[in-house]
Amino acid sequence: MDGIELLVKEHENILDFTRYLRKICCDILEGKEVDIAKLRECVSFGRNYADKQHHGKEEKVLFRIMMEKLGPTAQTLIRNGMLVEHDLGRYHMGELVGALDRYEKEPSTQIKLDIISNASAYANLLQRHIAKEDEVCYSFALRRLTEEDKREVDEETREFEDMAMKNRVQEKYTSWLTEQIKSNNL
């Protein structure tokens, strides 16, 4: 299993998710009701697939190895760029959950705005973040890590994925995403 190649493949799924999330935001802007259940499914995908699964592999495997092996440039790239953006995504997810909770209790236009702004900010952040990882961070890793380091990334990624397969994380969220894309013609 090529660890970096798997991360790139997961990016494709996450980009599909961002298009779906933006569609939900546009639907609300065009007058459709806020579908709390659908948005909570999106939160689940964001927190469990994009963050725990995907960002988990980056943070616990690839980024850790890059910071250990590639020196100050990698440390700056990861700490001041990638990890900051991961945390910003977690912030937007938390704010979205809070807005959904408030909207359920007392729907209002202002809370609807909070829902739309945090959901779309999260989607936009992920789109920009993925471009940086694919074009800068991963290509830097591929150029600079030794073959032995890359094998270490691959092996640790395999171990991480084995645990996720036991818990059926990939299967659950990729099939959910496929269904959303089909049913929304995305």
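Residues numbered from 1 in each chain as written. Predicted model: local features only at pLDDT ≥ 70, side-chain atom pairs only at ≥ 80, totals over all residues. Heavy atoms only, no water.

## Some words on the environment of Q110
Phase 1 of the analysis: Locating Q110 in the fold gives a position in helix 4 (residues 109-144).
Phase 2 of the analysis: Classification of Q110 by relative accessible area gives exposed; the value is 65%.
Phase 3 of the analysis: Considering only alpha carbons, one finds Q110 and F63, 47 residues apart in sequence, at a separation of 39 Å. (Helix = DSSP H or I, 4+ residues; strand = E, 2+ residues; numbered from the N terminus. Buried < 20%, exposed > 50% of the residue type's maximum accessible area, 1.4 Å probe, protein only.)

## Points about the packing of helix 1 (residues 3-29) against helix 5 (residues 147-166)
Phase 1 of the analysis: Where helix 1 meets helix 5, the axes come as close as 8 Å, and the angle between the chain directions of the two elements is 50°. The angle between the axes of helix 1 and helix 5 places the two elements in the oblique class. Of helix 5, the residues touching helix 1 (which contributes G3, L6 and E10) are V153, D154, T157 and E161.
Phase 2 of the analysis: When grouped by side-chain class, the residues that make up the contact of helix 1 with helix 5 number 2 nonpolar, 2 polar and 3 charged. (Axes fitted to C-alpha atoms, helices over the stretch in contact; angles between N-to-C directions. Parallel < 35°, antiparallel > 145°, perpendicular 65-115°, else oblique. Contact = heavy atoms within 4.5 Å. Nonpolar A, V, L, I, M, F, W, Y, C, P; charged D, E, K, R; others polar.)

## Remarks on the side chain of H55
Phase 1 of the analysis: Relative to the elements of secondary structure, H55 occurs in helix 2 (residues 36-69).
Phase 2 of the analysis: A distance of 3.5 Å separates the side chain of H55 from the side chain of H86, its partner in a polar contact.
Phase 3 of the analysis: Filtering out sequence-adjacent residues up to four positions away, H55 remains in contact with A50, H86, R90, L126 and H129. (Polar contact = N/O pair within 3.5 Å; in protein donor to acceptor, adjacent residues only side chain to side chain.)

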